[in-house]
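Residues per chain are reported as follows:
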Amino acid sequence: MIPESDARQAIALAGQGVNVSQIARRLGHDRKTIRIYLNGHRAPGQPRPHAGSYAPFAAYVLKRAAGDRHLRGAGLHREITALGYAGSYSAFTRELRGHGITAACQTCKPWQPVIPAPEQRSAVLPARVAPVTGETIASYLARTAAANHLPLKAITDVLPPWFTARAAACDDIAKPGLLRPGDARRLAALTGISEIALRHALPALAGHRDDGRPPLRSAVACRRCAARHGQHDAVPVHLPAYQRACERHRTWLGRAIQIDVITVPDIIAAASRAHRLAREHGVTRLVLAEITARQETVAGPGARRRAVALALASPGLDPRHPDTAEAAAYPETIRMAAVSLSAPGALPAGPE
Ligand SMILES: [Zn+2]
Ligand SMILES: [Zn+2]
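Structure report, in brief. Treat the numbers as computed from the prediction; the structure is a model and nothing was measured.

### What about the overall build of the protein chain?
Moving on, step 1. Each helix and strand in the protein chain was counted, giving 16 helices and five strands.
Moving on, step 2. When each of the 352 residues of the protein chain is scored for burial, the buried share is 47%.
Moving on, step 3. Sequence separation of at least 24 residues holds for 65% of the intrachain contacts in the protein chain that already meet a minimum separation of 6.
Moving on, step 4. If you sum the accessible surface of the protein chain, you get close to 17,800 Å²; carbon and sulfur atoms cover 57% of it.

### Comments concerning the coordination of the zinc ion (ligand 2)
Moving on, step 1. Surrounding the zinc ion (ligand 2) are the protein donor atoms Cys222 (SG), Cys225 (SG), Cys246 (SG) and His249 (ND1), at 2.0 to 2.3 Å.
Moving on, step 2. Metal-centred angles of 103 to 114° between the four donor atoms at the zinc ion (ligand 2) mark the site as tetrahedral.

### What about unusual backbone geometry?
Moving on, step 1. In this model, His149 sits at a positive phi of 55°, which is unusual for a non-glycine residue.
Moving on, step 2. Along the chain, the position of His149 falls in the loop between α7 (137–147) and α8 (152–156).
Moving on, step 3. Its relative accessible area of 74% is what places His149 among the exposed residues.
Moving on, step 4. Even without a glycine there, the phi angle at Arg250 is positive, about 45°.
Moving on, step 5. With respect to the helices and strands, the residue Arg250 is situated in the loop between β3 (245–246) and β4 (251–253).
Moving on, step 6. Given a relative accessible area of 39%, Arg250 falls into the partly exposed group.

### As for the pattern of salt bridges
Moving on, step 1. Overall, the coordinates contain 17 salt bridges when judged by the stated rule.
Moving on, step 2. The salt bridge involving Asp318 is made with Arg320; its shortest N-O contact spans 3.4 Å.
Moving on, step 3. Arg320 sits in the exposed class, given a relative accessible area of 71%.
Moving on, step 4. Each of Arg244, Arg255, Glu290, Arg294 and Glu326 takes part in a single network of salt bridges with overlapping partners.

### Re the packing of helix α15 (residues 301–313) against helix α16 (residues 322–342)
Moving on, step 1. The interhelical angle for the contact between α15 and α16, taken along N-to-C directions, is 130°, at an axis separation of 8 Å. Our classification of the angle between α15 and α16 gives oblique. Seen along the crossing, α15 lies across α16 with a hand that is right-handed. Within the contact between the two elements, α15 uses Gly302, Ala303, Arg306, Ala307 and Leu310 and α16 uses Thr324, Ala327, Ala328, Ala329, Pro331 and Glu332.
Moving on, step 2. In the contact of α15 with α16, the residues fall into seven nonpolar, two polar and two charged.

### Observations regarding the side chain of Glu332
Moving on, step 1. Within the secondary structure layout, Glu332 lies in helix α16.
Moving on, step 2. Once you skip the residues sitting within four places of it in the chain, Glu332 turns out to touch Thr297, Gly302, Ala303 and Arg306.

### Let's talk about the nonpolar core
Proteins that are soluble and globular tend to have nonpolar side chains buried together.
Moving on, step 1. Ranked by internal contacts, the top residues of the largest apolar core, which has 46 residues, are Tyr54, Val61 and Leu310.
Moving on, step 2. Mapped onto this core, the elements with two or more residues apiece are α4 (58–67), α5 (73–82), α6 (89–98), α13 (265–281), α14 (283–297), α15 and α16.
Moving on, step 3. Leave out the neighbours within four places in its chain, and Tyr54 touches Val61, Ile80, Tyr85, Phe92, Glu95, Leu96, His99 and Ile101.
Moving on, step 4. Counting 24 residues, the second-largest nonpolar core is a separate cluster that includes Val129, Leu159, Leu187 and Leu198.

### Quick word on α6
The α-helix winds at 3.6 residues per turn, so residues separated by three or four positions along the chain end up facing the same way.
Moving on, step 1. Those residues of α6 that fall on the buried side of the exposure criterion are Phe92, Thr93 and Leu96. What you see down the axis of α6 is that its buried residues fit within an arc of 100°, all on one side. Among the exposed residues of α6, those oriented more than 90 degrees off its buried face are Arg94, Arg97 and Gly98.
Moving on, step 2. Contacts from the buried residues of α6 go to α4 and α5.
Moving on, step 3. Within two residues after α6, Gly100 carries a phi angle of roughly 70°, on the positive side.

### Let's talk about a positive patch on the surface
Moving on, step 1. Together, Arg273, Arg276, Arg279 and Arg335 make up a positively charged patch on the protein surface.
Moving on, step 2. Element by element, the count of residues in the positive patch is highest for α13, at three residues.
Moving on, step 3. Mapping Arg335 onto the fold places it in helix α16.

### Some points on the packing of aromatic side chains
Moving on, step 1. Here the structure, examined in full by the defined rule, presents six aromatic pairs.
Moving on, step 2. Cluster of aromatic residues (ring-pair linked, three or more members): Tyr54, Phe57, Tyr85 and Phe92.

Quick notes on the rules
Residues numbered from 1 in each chain as written. Chains lettered and ligands numbered in written order. Predicted model: local features only at pLDDT ≥ 70, side-chain atom pairs only at ≥ 80, totals over all residues. Heavy atoms only, no water. Helix = DSSP H or I, 4+ residues; strand = E, 2+ residues; numbered from the N terminus. Buried < 20%, exposed > 50% of the residue type's maximum accessible area, 1.4 Å probe, protein only. Contact = heavy atoms within 4.5 Å. Areas by Shrake-Rupley, 256 points an atom, 1.4 Å probe, with all protein chains shown as cover. Donors = N, O, S within 2.8 Å, 3.2 Å for Na, K, Ca; no water. Tetrahedral: all angles 85-135°; square planar, octahedral: opposite > 155°, others 65-115°. Salt bridge = Lys/Arg side-chain N within 4 Å of Asp/Glu carboxyl O. Axes fitted to C-alpha atoms, helices over the stretch in contact; angles between N-to-C directions. Parallel < 35°, antiparallel > 145°, perpendicular 65-115°, else oblique. Left-handed = near helix turned anticlockwise from the far one by under 90°. Nonpolar A, V, L, I, M, F, W, Y, C, P; charged D, E, K, R; others polar. Core = buried A, V, L, I, M, F, W, Y, C linked by side-chain atoms within 4.5 Å. Arc of directions from axis to C-beta. Patch = residues over 30% accessible without salt bridge, like charges linked within 9 Å, V, L, I, M, F, W, Y side chains within 5 Å. Lys, Arg positive; Asp, Glu negative; His and termini not counted. Charge placed at Lys NZ, Arg CZ, Asp CG, Glu CD. Phe/Tyr/Trp six-rings, centres within 6.5 Å; stacked < 30°, edge-to-face > 60°.

Written out as structure tokens, the structure is:
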């Protein structure tokens, strides 16, 4: 931290239009530290957060909880502990309550063990239905049944019990009821789609890591990807938690809306870069770096210019919609995230 009087003076100078570099030179502190006060991340005189501090992870937890409504207490604690949070589980649950992050999904049915039906041999269904990347089991089975003019039960009756449970489950990637070897092969035999293609597209078939839920977020599939599959209704999918866009269709997959970003190519360039960063540093580290960066990038001039360009290309799109603002700031956000990820120890340690 810097002396309270310096912090107050920095805020006053910024108010007079003096830029960060000039303020930093004049007061003899580095720019990063000055920004912490200008952004309101710390009040003048407030000490630097200690190692067990929740503050650096608050935005991350909010985002992951919103992106995966089945990811709660223990799973979230495991993720942020891996990212450097040092607080105990009970300290963490106090923070969750304090931030109004409530317990799990309200619509979930409790997990019911399924009694296996007698094995039935099945022929390949006449209508082949290719899965949409990331699709939930419930959605894929329902589309398969509809395309074959069959009730869902006719499909689940000839599949292993794991599928019956998943078809009814709200939480597609829950841990209980692990897939058995051979289950995916049975689905392949029924649908006529290769087991490799099914495993690649349906995240629930990927099985589970022992250390918790995979870092995915719930979303609606890119509408153009869905349309290629002849699907014009929303297809529920799980996407990697960092993935914000369909690169193939140059479409931003926002929380509430999808935005055509064809006219702003640097957004898709940033999406490709995010993909590489996720491979290099891991999904959760990228998400944390992105969220930390975004607090500084959303109001920048580049973001404002892109928001206008996006709105011009899509009549009716509000340039101030939160999804538009995020898409518009994404190139700077990813650039800053990349810098913080490559600086050793820069995340999630304190910002000084
Ligand atoms: Zn649920
Ligand atoms: Zn697409």
